[in-house]
Amino acid sequence: MDLNGKVAVISGAGSGIGRAAALRLAREGASIVVADWNEDGARETVSLVEAAGGKAAAIKVDVTKSAEITAMLDFADATYGGFDVLYNNAGVGTGQPPFPESPEANWRRTVEIDLLAVIEGTRQAIPRLQARGGGVIIATASLAGLFGFQADPVYAAAKHGVVGLTRALIGLHASMNIRVNCVCPAVVRTPLVTAFADRLTGAEREAADKRLSAMPMLPPEEIAEAVYDLIRDDSAAGVVMGVSLGDTRRVVDPPITLPVTSGSLDRR
Ligand SMILES: NC(=O)c1ccc[n+]([C@@H]2O[C@H](COP(=O)([O-])OP(=O)(O)OC[C@H]3O[C@@H](n4cnc5c(N)ncnc54)[C@H](O)[C@@H]3O)[C@@H](O)[C@H]2O)c1
């Protein structure tokens, strides 16, 4: 897809990877709907896009609320006459203490934001993209969606779900010209990883800052570049793309589907 003149809706675009993607896609000429429950962050992203010569508009959205996802997509219709790309990127970790000690509210929040909101965003986007003649749905999963990430098992479970959803929707390419893909980054230098240090003070803070700066992490711009590549490659559907340090990108495996040959399960 040539992004010039197109519209991309990005959730969690008020920070980190979503913000980097907003800037990257805007550079290709896309107008961006910057959706985030952090209004200040969303507005800041719009300012950055505009300062770089692009077009963007902010909306406050909690992606765990179905009606707010509808409002986000309606906002894209009202502001830019629809959208061509939905990037389900908003995400959180479960926090401390880790599962199984984590309070129920914490692990449920992880599943709601990192998996259920991606499913619901995808569900709502499909008929709108179909009516437009096609488009791209992309998500930020994680390497934790491919391996046993012991530090946050519920996060790993949710991200495995996103990977499964992506693979299972490969058939939408043939049936509706909608390409569903995801990226699976290794550790990225964003507030998701670094913000815990902000809550510390004195020697603890210093030690945390030192540890964080020594830790090898991807810059969010590398994930944004992989996202852009998946959007512009018209053959990319059902692709699960790992992104690790040194911009080593790898399609994790060839997309395959269960050999169902009849019935609604097989959309090819
Ligand atoms: N940072 C990493 O190491 C890393 C690695 C792999 C995958 N990821 C994934 O990348 C995505 C982006 O994370 P990031 O690293 O840029 O973190 P980030 O904290 O910088 O950005 C996440 C954004 O999502 C927003 N958000 C969270 N819950 C929301 C909700 N319910 N509704 C609307 N907005 C919400 C936050 O306000 C924030 O602006 C997430 O899905 C995360 O799981 C991150």
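In what follows, the accompanying structure is described.

Cut-offs used in this document
- Residues numbered from 1 in each chain as written.
- Predicted model: local features only at pLDDT ≥ 70, side-chain atom pairs only at ≥ 80, totals over all residues.
- Heavy atoms only, no water.
- 1 Å grid on protein atoms, 1.4 Å probe; cavity = no way out; pocket = protein on both sides within 12 Å on 5 of 7 lines; lining within 4 Å.
- Points joined across faces, edges and corners; volume = space filled by probe spheres on them.
- Helix = DSSP H or I, 4+ residues; strand = E, 2+ residues; numbered from the N terminus.
- Nonpolar A, V, L, I, M, F, W, Y, C, P; charged D, E, K, R; others polar.
- Salt bridge = Lys/Arg side-chain N within 4 Å of Asp/Glu carboxyl O.
- Buried < 20%, exposed > 50% of the residue type's maximum accessible area, 1.4 Å probe, protein only.

### What about empty space enclosed by the protein?
Okay, so step 1: On inspection of all chains with the given rule, the structure shows 2 cavities of 30 Å³ or more.
Okay, so step 2: Reported here for the largest cavity is a volume of approximately 70 Å³.
Okay, so step 3: Together, Ser-11, Val-63, Ile-69, Met-72, Asn-88, Asn-89, Ala-90, Ile-113, Ala-117, Val-118 and Gly-121 line the largest cavity.
Okay, so step 4: Listed by contribution, the elements that provide at least two residues to the lining of the largest cavity are helix 3 (66-80) and helix 4 (104-132).
Okay, so step 5: Ranked by residue count, the leading element in the lining of the largest cavity is helix 4, at 4 residues.
Okay, so step 6: Within this model, the second largest cavity holds a volume of roughly 50 Å³.
Okay, so step 7: Every residue along the wall of the second largest cavity is listed here: Asn-88, Val-118, Thr-122, Ile-137, Ile-138, Ala-139, Leu-165, Thr-166, Leu-169, Val-180 and Asn-181.
Okay, so step 8: Sorting the residues of the lining of the second largest cavity by element identifies helix 4, strand 5 (135-140), helix 5 (153-168) and strand 6 (178-185) as the ones contributing at least two each.
Okay, so step 9: The dominant element in the lining of the second largest cavity, judged by the number of residues it contributes, is strand 5, at 3 residues.
Okay, so step 10: Class assignment of the residues belonging to the lining of the second largest cavity gives a composition of 7 nonpolar, 4 polar and no charged.

### Some thoughts on the pattern of salt bridges
Okay, so step 1: For the structure shown, the criterion picks out 15 salt bridges.
Okay, so step 2: We note a salt bridge from Asp-62 to Lys-65, for which the minimum N-O separation is 3.1 Å.
Okay, so step 3: A relative accessible area of 12% places Asp-62 in the buried class.
Okay, so step 4: On the basis of relative accessibility, which here comes to 43%, the residue Lys-65 falls in the partly exposed class.

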